[in-house]
Amino acid sequence: MPPDRPSQVIAREGQRTIRPGARVTLHFAILLADGREVDTTRRGKPATFTIGDGNVPGGFEAALMGLSSGDDERIPIPPERGFGLRREENVRTLPIADFREAEPLESGLVVAFHSPDGDLPGVVQEIRGNEVVVDFNHPLAGRDLIFDVTILRVE
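What this report covers is the structure whose coordinates are included nearby. (Residues numbered from 1 in each chain as written. Predicted model: local features only at pLDDT ≥ 70, side-chain atom pairs only at ≥ 80, totals over all residues. Heavy atoms only, no water.)

## A closer look at the pairing of strand β1 (residues 23-32)
For step 1, the next point in the chain: The buried fraction of β1 is high, at nine of ten residues.
For step 2, the next point in the chain: Where β1 lies against strand β3 (residues 47-50), four bridges are found, and the strand directions are antiparallel. What sits directly across from arginine 23, in β3, is threonine 50.
For step 3, the next point in the chain: Here β1 pairs with strand β9 (residues 145-154) via nine bridges, running antiparallel. Residue valine 24 lies in a different strand from β9, and its bridge partner there is valine 154.
For step 4, the next point in the chain: In terms of strand pairing, β1 meets strand β2 (residues 37-40) through three bridges, oriented antiparallel. Looking at the pairing, alanine 29 lines up with threonine 40 of β2.
For step 5, the next point in the chain: If you look at the hairpin formed by β1 and β2, you'll find four residues sitting between the two strands, and glycine 35 has a positive phi there, around 95°. (Buried < 20%, exposed > 50% of the residue type's maximum accessible area, 1.4 Å probe, protein only. Helix = DSSP H or I, 4+ residues; strand = E, 2+ residues; numbered from the N terminus. Pairing = 2+ DSSP bridges.)

Okay, structure coming up:
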């Protein structure tokens, strides 16, 4: 006896789904909750990476699990699964003398600070006399995002 409703397609024969270690080629756009685009590959070359290689935040990778070539999804990504929560301890006040090479110094300027682990970007928030307030949070920290993806290939 046939089922009352059509069965759901889980995967087509020979089609691979995204899982740890899979090599994925996709187009994506990262959108703010209000729909403003902050990054995209859609007007250029698609992105290719291996799940688990550290090139993509874990929450974005987790959102891709189980998708296959041809899937087109808009996936909400909360801050804790995206670029993390905004942390006030990542906002520092530094002496203006440390910024002699970054002149003209103004709010919004991104400055690279050298650390043993490589360059660390900070955004100048405010200049107060002989001090500079610098935010070392990721610019998308604390933001609800939408991950708009089109899966092109899974290997």
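There's more to say after this.
## Regarding the sheet that holds strand β6 (residues 110-115)
For step 1, the next point in the chain: Spatial ordering of the open sheet is given by β5-β8-β7-β6, a layout of four strands whose pairing is antiparallel. In this open sheet, the two strands that pair with only one neighbour each are β5 (91-95) and β6. In this sheet, adjacent strand axes meet at a mean angle of 45° when their direction is disregarded. (Axes fitted to C-alpha atoms, helices over the stretch in contact; angles between N-to-C directions.)

## Quick word on the packing of aromatic side chains
For step 1, the next point in the chain: For the coordinates displayed, the defined rule picks out five aromatic pairs.
For step 2, the next point in the chain: Geometrically, the ring pair formed by phenylalanine 60 and phenylalanine 83 is tilted, given 5.6 Å between the ring centres and 55° between the ring planes. Remark: phenylalanine 83 occurs in the loop between β4 (72-77) and β5 and phenylalanine 60 occurs in helix α1 (residues 58-64); sequence separation between them is 23 residues.
For step 3, the next point in the chain: Residue classification places phenylalanine 60 among the buried residues on the basis of a relative accessible area of 2%.
For step 4, the next point in the chain: Joined through ring pairs, the aromatic side chains of Phe28, Phe60, Phe83 and Phe147 make up one cluster. (Phe/Tyr/Trp six-rings, centres within 6.5 Å; stacked < 30°, edge-to-face > 60°.)

## Remarks on the layout of surface pockets
For step 1, the next point in the chain: Space inside the largest pocket adds up to approximately 190 Å³.
For step 2, the next point in the chain: If you trace the largest pocket, you find it lined by Leu26, Phe28, Ile30, Asp39, Ala47, Phe49, Asn55, Val56, Pro57, Phe60, Phe83 and Phe147.
For step 3, the next point in the chain: Among the secondary structure elements, those contributing two or more residues to the lining of the largest pocket are β1 and β3.
For step 4, the next point in the chain: Per-element tally for the lining of the largest pocket: the top contributor is β1, with three residues.
For step 5, the next point in the chain: Per-class residue counts for the lining of the largest pocket are ten nonpolar, one polar and one charged. (1 Å grid on protein atoms, 1.4 Å probe; cavity = no way out; pocket = protein on both sides within 12 Å on 5 of 7 lines; lining within 4 Å. Points joined across faces, edges and corners; volume = space filled by probe spheres on them. Nonpolar A, V, L, I, M, F, W, Y, C, P; charged D, E, K, R; others polar.)

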